[in-house]
Amino acid sequence: MFDLPDYDDHEAVVVARDAQAGLCAIIAIHDTTLGPAHGGARFWTYDRPQDAIVDALRLSRGMTYKNALAGLPFGGGKSVIMAGKDRTKTPELLEAFGVAVEKLGGRYNLAEDVGISPGDVATIARRTAHVCGLPADGNEAAADPGPFTARGVFLAMKAGLAEVRGSEDLGGVRVTVQGLGGVGGQLCDMLAAEGAVLTLADVDPARAGALAARTGAQVVDPGQIYDVDADVYAPCALGATLNAATIDRLKVALVCGGANNQLATPADGTALQRRGILYLPDFVVNAGGVTHTTSQLTGWPHDKVLAKLGEIPGRVRRILDLAARDAVDPQRAAERAALEIIGKR
Ligand code: NAI
């Protein structure tokens, strides 16, 4: 593991195993300078255990940057539960995962991520106190971070549009959205409400069809989303969709979306810049969800959470200023800004 390019002096990488419950998970704690590690738990099928380790390493480092820049009193951590091919998720498995988290004594706090619902978090919480994003009074919708993440992405996109088009106005702006789940779906509704022209893709055609009917959007096959002539590409599915195979195909001026780890490698940030495409770093723009879920730990009232989301566009502008000042791409500038906050630069 120490030789993996994504191993970045992580403080701890824990294997959580319970054969009887069918649990095999990785909990990665990247940095706890600012407080206990916080980051979602993901339930996903990986081809190889090594892929799960890499995912946890990358995602936990991203959480360090995200929490630091968002002004949250938490370090960065993330966990991935390796799902079987049939993705069976039993209460026993979730509880066994809770036992593993509890053993860390609060060094890592979790919330939901891809494949884990607020209801699943409630099941995990039967065995550990170190969770947030719990449905209050059984109200799963209120616990969902997706709308908050989408709101932050929406505000960031406007800041990005001001940069590339000289105006935040979304009227007639063509946006492609990849992944129409909790984040992408909400984002589409906000964009459509302000007159954006949407092209959508999801591996679930029914989901894409329903959203298109609601927003008047066009739908393309998932593999074609990179080729659509548009102004903005919003990646809201999984990571690494900005890579050597896709960047050359993009016909947009701006990339701003909710997915974590959008760049496959650091070089892809430079490649986007070379193509004249402005990339807004994912961990800067998608911090709305974590700001909401950790309000159960920070005690911040709803108004304060919304005020913190309102800081995202200003943060985007500051990162772009730093990038221009230091002649680096925005991803590099954002990483440097985060490292400075945790005293590692
Ligand atoms: P979700 O699981 O609700 O939705 C993901 C959607 O992407 C699904 O509709 C799925 O069918 C679709 N999808 C998967 N692979 C695809 C592909 N190759 N092409 C097109 N569509 C594809 O997940 P959610 O919550 O919307 O999160 C989306 C992304 O945003 C993830 O990367 C997640 O880590 C990230 N994120 C989510 C936050 C949240 O508040 N939910 C917070 C910060 C980041």
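Residues numbered from 1 in each chain as written. Predicted model: local features only at pLDDT ≥ 70, side-chain atom pairs only at ≥ 80, totals over all residues. Heavy atoms only, no water.

## Notes on the overall build of the protein
Then step 1. Looking only at helices and strands, one finds 14 helices and 12 strands in the protein.
Then step 2. For 345 residues, the compact-globule estimate of 2.2 N^0.38 gives 20 Å, and the C-alpha radius of gyration of the protein, at 19 Å, lies within 12% of that figure.
Then step 3. Looking at the 345 residues of the protein, the share that counts as buried comes to 56%.
Then step 4. Residue pairs in contact within the protein that sit at least 24 positions apart in sequence constitute 65% of those at least 6 positions apart.
Then step 5. Each charge class in the protein can be summarised by its mean position, and for the 34 positive and 41 negative side chains these summaries are 2 Å apart. (Helix = DSSP H or I, 4+ residues; strand = E, 2+ residues; numbered from the N terminus. Rg over C-alpha atoms; globule rule 2.2 N^0.38 Å. Buried < 20%, exposed > 50% of the residue type's maximum accessible area, 1.4 Å probe, protein only. Contact = heavy atoms within 4.5 Å. Lys, Arg positive; Asp, Glu negative; His and termini not counted. Charge placed at Lys NZ, Arg CZ, Asp CG, Glu CD.)

## Quick notes on the pattern of salt bridges
Then step 1. Here the structure, examined in full by the defined rule, presents 20 salt bridges.
Then step 2. When the shortest N-O distance is used, the salt bridge between Lys-89 and Asp-120 registers 2.6 Å. With Lys-89 in the loop between strand E5 (75–82) and helix H2 (91–103) and Asp-120 in helix H3 (residues 118–124), this pair connects stretches of sequence that are 31 residues apart.
Then step 3. With relative accessibility at 30%, the residue Lys-89 sits in the partly exposed group.
Then step 4. We note a salt bridge from Asp-231 to Arg-174, for which the minimum N-O separation is 3.2 Å. One end of the pair, Asp-231, is in the loop between strand E9 (218–219) and strand E10 (232–235); the other, Arg-174, is in strand E7 (residues 174–178), with 57 residues separating them in the sequence. (Salt bridge = Lys/Arg side-chain N within 4 Å of Asp/Glu carboxyl O.)

## Some remarks on the domain arrangement of the protein
Then step 1. Domain annotation of the protein identifies domain 1 (12–142) and domain 2 (146–341).
Then step 2. Between the C-alpha centres of domain 1 and domain 2 there is a distance of 24 Å.
Then step 3. Tallying the contact residues gives 27 residues for domain 1 and 27 residues for domain 2.
Then step 4. Both sides together, the interface formed by domain 1 and domain 2 hides about 2,200 Å², and carbon and sulfur atoms give 65% of it.
Then step 5. On the domain 1 side of the contact with domain 2, Tyr-65, Lys-66 and Leu-69 bury the most area, a combined 32% of that side's loss. (Domains from an automatic or database assignment. Buried area = accessible area lost by both parts, 1.4 Å probe.)

## Re the side chain of Gln-178
Then step 1. By the element assignment, Gln-178 lies in strand E7.
Then step 2. A distance of 3.0 Å separates polar atoms of two side chains, one belonging to Gln-178 and the other to Tyr-226.
Then step 3. A polar contact is formed between the side chain of Gln-178 and the side chain of Tyr-233, at a distance of 2.6 Å.
Then step 4. Beyond its immediate stretch of four places on either side in the chain, Gln-178 contacts Ala-201, Ile-225, Tyr-226, Tyr-233, Ala-234, Pro-235, Cys-236, Ala-237 and Thr-241. (Polar contact = N/O pair within 3.5 Å; in protein donor to acceptor, adjacent residues only side chain to side chain.)

## A word on the site of the ligand
Then step 1. Around the ligand sit 25 residues in total, of which Thr-149, Val-183, Asp-202, Arg-207 and Ala-237 are the nearest.
Then step 2. A distance of 2.6 Å separates an oxygen atom of the ligand from a polar atom in the side chain of Arg-207.
Then step 3. Alone, the ligand offers 830 Å² of accessible surface; in the complex the protein occludes 81% of this.
Then step 4. Secondary-structure elements contributing two or more residues to the shell around the ligand are helix H5 (146–165) and helix H6 (182–193).
Then step 5. Looking at the shell around the ligand residue by residue, the class counts come to 10 nonpolar, nine polar and six charged.
Then step 6. Counting only domains with at least three residues in the shell around the ligand, you end up with domain 1 (12–142) and domain 2 (146–341). (Near = heavy atom within 4 Å. Areas by Shrake-Rupley, 256 points an atom, 1.4 Å probe, with all protein chains shown as cover. Nonpolar A, V, L, I, M, F, W, Y, C, P; charged D, E, K, R; others polar.)

## A few points about the pairing of strand E1 (residues 12–18)
Then step 1. Two strands pair when backbone bridges link them, and E1 and strand E2 (residues 23–31) are joined in this way by seven bridges, in the antiparallel orientation. Bridging across to E2, Val-13 finds its partner in Ala-28.
Then step 2. Remark: four residues form the turn of the hairpin made by E1 and E2, two consecutive strands paired antiparallel; Gly-22 in that turn has positive phi of roughly 80°. (Pairing = 2+ DSSP bridges.)

## Structural notes on the sheet that holds strand E8 (residues 197–201)
Then step 1. Strand order in the open sheet made by the six strands is E9-E8-E7-E10-E11-E12, with parallel pairing throughout. Lying at the two open borders of the sheet, with one neighbouring strand each, are E9 and strand E12 (278–279).

## Thoughts on the nonpolar core
Then step 1. Among the nonpolar cores identified, the biggest contains 47 residues, and Val-175 and Leu-191 are the most heavily contacted of them.
Then step 2. When neighbours within four sequence positions are excluded, Val-175 is seen to be in contact with Met-157, Leu-191, Ala-196, Val-197, Leu-198, Thr-199, Val-232 and Ala-234.
Then step 3. Ala-25, Ala-41, Leu-104 and Val-131 belong to the second largest nonpolar core, which has 25 residues in total. (Core = buried A, V, L, I, M, F, W, Y, C linked by side-chain atoms within 4.5 Å.)

## Here's the deal with the packing of aromatic side chains
Then step 1. By the definition in use, this model includes three aromatic pairs.
Then step 2. Residues Phe-2 and Tyr-7 carry aromatic rings whose centres are separated by 5.2 Å and whose planes lie at 85° to one another, so their mutual orientation is edge-to-face.
Then step 3. Given the relative accessible area of 65%, Phe-2 is considered exposed.
Then step 4. Ring geometry for Tyr-65 against Phe-283: centres 5.3 Å apart, planes inclined by 50°, an arrangement best described as tilted. Remark: Phe-283 occurs in helix H9 (residues 282–285) and Tyr-65 occurs in helix H1 (residues 49–69); sequence separation between them is 218 residues. (Phe/Tyr/Trp six-rings, centres within 6.5 Å; stacked < 30°, edge-to-face > 60°.)

## Quick word on the environment of Val-131
Then step 1. Note that Val-131 resides in the loop between H3 and helix H4 (140–143).
Then step 2. Measuring from C-alpha to C-alpha, the distance between Val-131 and Pro-118 comes to 10 Å, with 13 residues separating the pair along the chain.
Then step 3. Contacts of Val-131, omitting those with residues within four sequence positions, involve Asn-109, Leu-110, Val-121, Ile-124 and Ala-125.

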